[in-house]
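Observations on chain architecture
For reference, the chains in residue letters:
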Amino acid sequence: MTHLTNVILMIICFIDFLFLVLDQLKAFVHWIGIQGALVGFLPLLASGGHANFLLYLIAGLSVIIRAYIFPYFLMRAVQGIHFQRETRSVLLIFVSLLAGIIVWAFSLDFAWHLPQKDLLLPSLSLSVGFFTIAIGLILLMTRRTALLQVVGYLNLENGIYVLGISLDMREPFLVEIGMLLDLFVAIFIMGILIFHIHQNFENMDTDQLSILKDKIQ
Amino acid sequence: MICWILWIPCVAGILSFGIRSNKIGRWILLTATIAHMLITLMFWIHKPQPAWHGALKLDSLGLLFLTVLSFLFLNVSLYTIQYLKNEPHELHPDFQNPYQFFKNTPESLFIGCLLFFLASMTLVTLAHDLNVLWIAVETTTISSAPLVYFHRHQRSLEATWKYLILCSVGIALALLGNFFIGIAAVVHGKLMASLSLGSLLSKAKILKKAWLRIAFIFFLVGYGTKMGLAPMHAWLPDAHSEAPSMISALLSGTLLNCSFLALLRIFVICEAAGVGIFAQKLFLIFGLISMGVAALFILGQKDYKRLLAYSSVEHMGILAFGIGVGSSAFFAVLFHVVCHSLTKAALFLIAGNILTVYHSKMILRVNGLAKRMPYSGILWIIGFLAITGMPPFGTFFSEFWILKAAVDHHQMIGVMLFLLFLSMIFIGMAWTFLNMFQGEVFETAHQERRWTYFPSAILLITVLILGLYLPMPLSQELQWAAHWLRSY
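Reading the values: the criteria
- Residues numbered from 1 in each chain as written.
- Chains lettered and ligands numbered in written order.
- Predicted model: local features only at pLDDT ≥ 70, side-chain atom pairs only at ≥ 80, totals over all residues.
- Heavy atoms only, no water.
- Helix = DSSP H or I, 4+ residues; strand = E, 2+ residues; numbered from the N terminus.
- Buried < 20%, exposed > 50% of the residue type's maximum accessible area, 1.4 Å probe, protein only.
- Contact = heavy atoms within 4.5 Å.
- Areas by Shrake-Rupley, 256 points an atom, 1.4 Å probe, with all protein chains shown as cover.
- 1 Å grid on protein atoms, 1.4 Å probe; cavity = no way out; pocket = protein on both sides within 12 Å on 5 of 7 lines; lining within 4 Å.
- Points joined across faces, edges and corners; volume = space filled by probe spheres on them.
- Phe/Tyr/Trp six-rings, centres within 6.5 Å; stacked < 30°, edge-to-face > 60°.
- Lys NZ or Arg CZ within 6 Å of the ring centre and 35° of its normal.
- Core = buried A, V, L, I, M, F, W, Y, C linked by side-chain atoms within 4.5 Å.
- Pairing = 2+ DSSP bridges.
- Axes fitted to C-alpha atoms, helices over the stretch in contact; angles between N-to-C directions.
- Parallel < 35°, antiparallel > 145°, perpendicular 65-115°, else oblique.
- Left-handed = near helix turned anticlockwise from the far one by under 90°.
- Disulfide = S-S within 2.5 Å.
- Buried area = accessible area lost by both parts, 1.4 Å probe.
- Salt bridge = Lys/Arg side-chain N within 4 Å of Asp/Glu carboxyl O.
- Polar contact = N/O pair within 3.5 Å; in protein donor to acceptor, adjacent residues only side chain to side chain.
- Expected span 1.5 Å × (residues − 1).

1. Here we look at the overall build of chain A
For chain A, the helix and strand inventory stands at seven helices and zero strands. In sequence order, the secondary structure elements of chain A are arranged as α-α-α-α-α-α-α. By residue count, 55% of the 217 residues in chain A fall in the buried class. Across chain A, contacts joining residues at least 24 apart in sequence account for 76% of those joining residues at least 6 apart. Looking at chain A as shown, the accessible area adds up to about 10,000 Å², and 69% of this sits on carbon and sulfur atoms.

2. Section: the layout of surface pockets
In this structure, the largest pocket spans a volume of roughly 1,400 Å³. Looking at the largest pocket, it is lined by 43 residues, and the ones nearest its centre are G178, L181 and D182 of chain A together with I135 and T139 of chain B. Those elements giving two or more residues to the lining of the largest pocket turn out to be α7 (173-200) of chain A together with α1 (4-18), α4 (107-126) and α5 (130-148) of chain B. For the lining of the largest pocket, the element with the most residues is α7 of chain A, which contributes 13 residues.

3. Focus: the packing of aromatic side chains
Tallying each qualifying case throughout the model produces 28 aromatic pairs over all chains. On the numbers, 5.3 Å between centres and 10° between planes, the contact of F19 of chain A with F28 of chain A is stacked. Judged by its relative accessible area of 0%, F19 of chain A is buried. For F28 of chain A, a relative accessible area of 0% puts it in the buried group. Considering the side-chain rings of F73 of chain A and F188 of chain A, the 5.3 Å spacing of their centres and the 55° angle between planes classify their relative orientation as tilted. Of this pair, F73 of chain A sits in helix α3 (residues 53-78) while F188 of chain A sits in helix α7, and the two are 115 residues apart along the sequence. F73 of chain A gets classed as buried once you look at its relative accessible area, which sits at 15%. Here R66 of chain A stacks its cationic end above the ring of Y161 of chain A, 4.3 Å away from the centre of that ring. A cation over a ring is seen here: R372 of chain B above Y358 of chain B, with NZ or CZ 4.7 Å from the ring centre.

4. Here we look at the nonpolar core
Residue and element names in this part refer to chain B. Of all hydrophobic cores here, the largest spans 269 residues; its most connected members are W161, L334, I354 and W380. At 21 residues, helix α13 (residues 330-358) tops the list of elements feeding residues into this core. If we ignore the near neighbours within four places in the chain, the residues touching W380 are Y304, L308, L347, I350, A351, I354, L369, F433 and M436.

5. Section: the pairing of strand β2 (residues 97-102) of chain B
Residue and element names in this part refer to chain B. As paired elements, strand β1 (residues 92-94) and β2 share three bridges and run antiparallel to each other. The partner of P93 across the bridge, within β2, is F101. Here β1 folds back onto β2, and the loop between the two strands holds two residues.

6. A few points about the packing of helix α2 (residues 25-46) of chain A against helix α6 (residues 146-166) of chain A
All names here are of chain A. Their axes nearest at 10 Å, the elements α2 and α6 cross at an angle of 15°. On the basis of the axis angle, α2 is roughly parallel to α6. The crossing of α2 and α6 is left-handed. Here α2 contributes L25, F28, V29, I32, Q35, G36, V39, L42, P43 and A46 to the contact with α6, which in turn contributes L147, L148, V151, L154, N155, N158, Y161, V162 and I165.

7. Re the state of the cysteines
Residue and element names in this part refer to chain B. Enumeration over the complete set of coordinates arrives at zero disulfides over all chains. C113 carries a free sulfur, and the closest cysteine sulfur to it, the one in C10, is 12 Å from it. Taking the relative accessible area as the measure of exposure, C113 reaches 9% and is therefore buried. The thiol of C258 is not disulfide-bonded; the next cysteine sulfur, from C167, is found 13 Å away. We classify C258 as buried; its relative accessible area is 6%.

8. Some details on the environment of L459 of chain B
Residues and elements named next belong to chain B. Tracing the backbone through its elements, the reader meets L459 in helix α18 (residues 450-468). Once the C-alpha coordinates of L459 and L342 are considered, the two residues, 117 residues apart in sequence, prove to be 5.5 Å apart. Residues contacting L459, with those up to four places away along its chain left out, are F71, L72, N75, L342, A345, A346 and L349.

9. Examining the interface of chain A and chain B
Interfaces are frequently sized by the accessible area removed from exposure as the parts join. On the side of chain B, 43 residues touch chain A, which itself brings 48 residues to the contact. Carbon and sulfur atoms make up 74% of the surface buried where chain A meets chain B, a total of about 4,100 Å² over both sides. Among the residues of chain A in contact with chain B, D182, L212 and D214 of chain A are the three that bury the most area, contributing 17% of the side total. Our enumeration of links across chain A and chain B arrives at zero salt bridges. Our count for the chain A to chain B interface comes out at three residue pairs in polar contact (both at pLDDT 80 or more). Sorting the residues of the side of chain A that touches chain B by element identifies α5 (124-142), α6 and α7 of chain A as the ones contributing at least two each.

10. A look at α5 of chain A
Its 19 residues place the ends of α5 of chain A 27 Å apart at the C-alpha level, agreeing with the 27 Å of an ideal helix rising 1.5 Å per residue. Across the 19 residues of α5 of chain A, 16 count as buried, placing the element largely inside the fold.

Here is the structure:
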């Protein structure tokens with residue numbers, strides 16, 4: 001089991017690195033779906049074969065929503081957009097990769113300082129959780145396209161989910177459902193807003209969202 | 001009983017999603033808010049039993065915030081119903097950019113979201129479990145985003161996007177705070193079963209302080225974003241200026257309070273665990289930064305709705321400052337929550353009236369309120385006096401008591417900065433409000449309808465009465481709530 005878990009965690013980490021170099025919008029949506037599916041399976045692996053019905057239900061719902069429904073929303077939102085890639089300079093890609101490696105080193109270091117007794121998943125999961133959160137924040141801060149900001153937010157959420165599982169934050173069933181429902185509605189509304197941004201402006205660049213500003217007099 | 005107050009707005013919200021008739025939808029809104037108010041009043045007589053295994057519980061602090069929420073919501077929904085009646089349903093031009101046409105969000109959707117917004121904020125006031133609290137705060141963001149986007153033009157789209165993304169990320173960070181509290185509560189290698197307030201407080205002495213400090217920072221950044229503390233306030237002026245006025249009133253008067261309540265709950269845990277001083281220092285710093293930022297942006301502000309929004313940042317700063325000052329200010333802070341909410345909501349509603357008559361949010365385009373809109377004009381000036389803390393309004397006493405507590409605790413630098421920022425804000429606001437009030441007008445006086453100024457008048461009169469006479473039950477609840485905050 002641990003072996004499989006490690007492989008899954010490494011794939012999640014690999015996808016994080018991919019997000020730093022990708023520029024095709026569609027590829028982002030595909031990969032965030034795959035990452036979501038992997039993240040959704042983790043609680044089952046963490047339970048070590050002692051999963052009960054509710055856990056299966058949560059994992060199933062989580063996989064369906066993260067792997068199918070979110071990519072579907074996002075794909076619908078970007079349908080018919082001519083501009084299909086966000087171009088960035090090679091230097092910027094290089095810098096963000098470098099930042100990614102540094103952040104990875106930091107998250108390995110950080111995970112060692114956490115209390116590690118009775119962790120359900122190997123301690124690698126803590127690092128992967130932190131790393132995924134950090135990459136989500138980097139995407140949110142550096143990308144200009146509305147769609148990529150949502151991908152960044154989803155990445156952040158996936159990271160928090162991994163962290164939660166590896167710290168054994170087992171919430172009551174209703175709390176889990178509530179969190180999933182909140183995320184679902186949030187992404188739904190973000191999808192609608194992306195669609196409206198695209199209709200109202202030429203493309204989805206959030207740089208254009210700059211009418212509202214204040215200056216210190 | 002405690003669940004009823006949640007289910008009623010939820011069921012009403014679902015109903016109004018399904019009903020296409022605008023008239024019935026408005027009736028549903030009114031009925032649900034009146035029912036909400038009645039149940040809240042019943043809670044004053046008899047506190048309800050906890051529910052959901054103690055995750056929902058109404059204490060004095062919750063009751064106080066719930067009452068402000070309910071009272072404000074009732075007044076705002078009276079305004080909303082008439083406002084919606086007068087909104088065009090077809091494509092209409094944007095008055096700031098006449099070449100652009102837009103449509104409003106369908107009314108059924110708007111009212112449904114409004115009711116869910118009410119339900120989620122009610123849940124915040126009742127939640128006694130950090131996970132439930134987190135879900136409730138997150139739900140307030142989601143349910144209010146469509147409300148901000150009521151007028152579907154580019155500016156409100158921008159505001160909604162910023163609001164949704166910034167607050168969602170903020171709240172996600174607050175979830176990390178929950179995890180760190182979980183780690184802080186690891187006892188003999190075992191995590192605690194639940195993050196209920198009761199169990200955390202009873203075991204507060206064995207919480208690990210280092211982790212609790214990290215958790216508090218995450219909470220302060222996360223919920224602080226939602227509360228509008230600078231420098232995480234970037235969404236606030238945009239959302240407040242582009243949302244329809246009654247939504248701005250609700251955001252300022254109730255939503256910011258909810259996040260503040262969440263922070264207070266966390267603060268009590270910190271205090272009980274012995275890291276209260278650390279938390280208070282952070283509150284003090286963020287409070288002063290917020291007031292300073294607000295002062296800088298209020299001076300020379302060109303847009304009166306943004307001015308009110310920055311004033312909210314200022315008042316959130318005052319609340320944080322008050323908590324940071326020390327336990328003798330807690331009573332004043334809670335009193336300030338009540339007074340600020342009512343005043344700010346009233347001002348936003350009047351700003352909405354001014355906007356519909358003058359068709360501009362620019363301060364320089366609005367003058368002669370006294371002659372053109374006599375009722376709203378007078379209320380605008382009264383609101384100005386109340387929000388800047390002039391006697392005999394309630395805000396004067398709350399700000400004065402906070403200041404007195406700061407002097408008592410020898411926070412001299414804090415006191416000086418506090419006074420400096422307040423006077424800068426007073427100058428900025430006085431210039432704006434008086435300019436708008438005075439001046440010659442060539443148009444005839446606008447026929448103001450009663451519903452446009454009645455709710456604001458009620459709110460402002462309440463603030464005035466609270467300044468002159470604090471009713472016994474209210475002062476008792478305030479005392480108890482303040483006592484709860486310092487009893488650990």
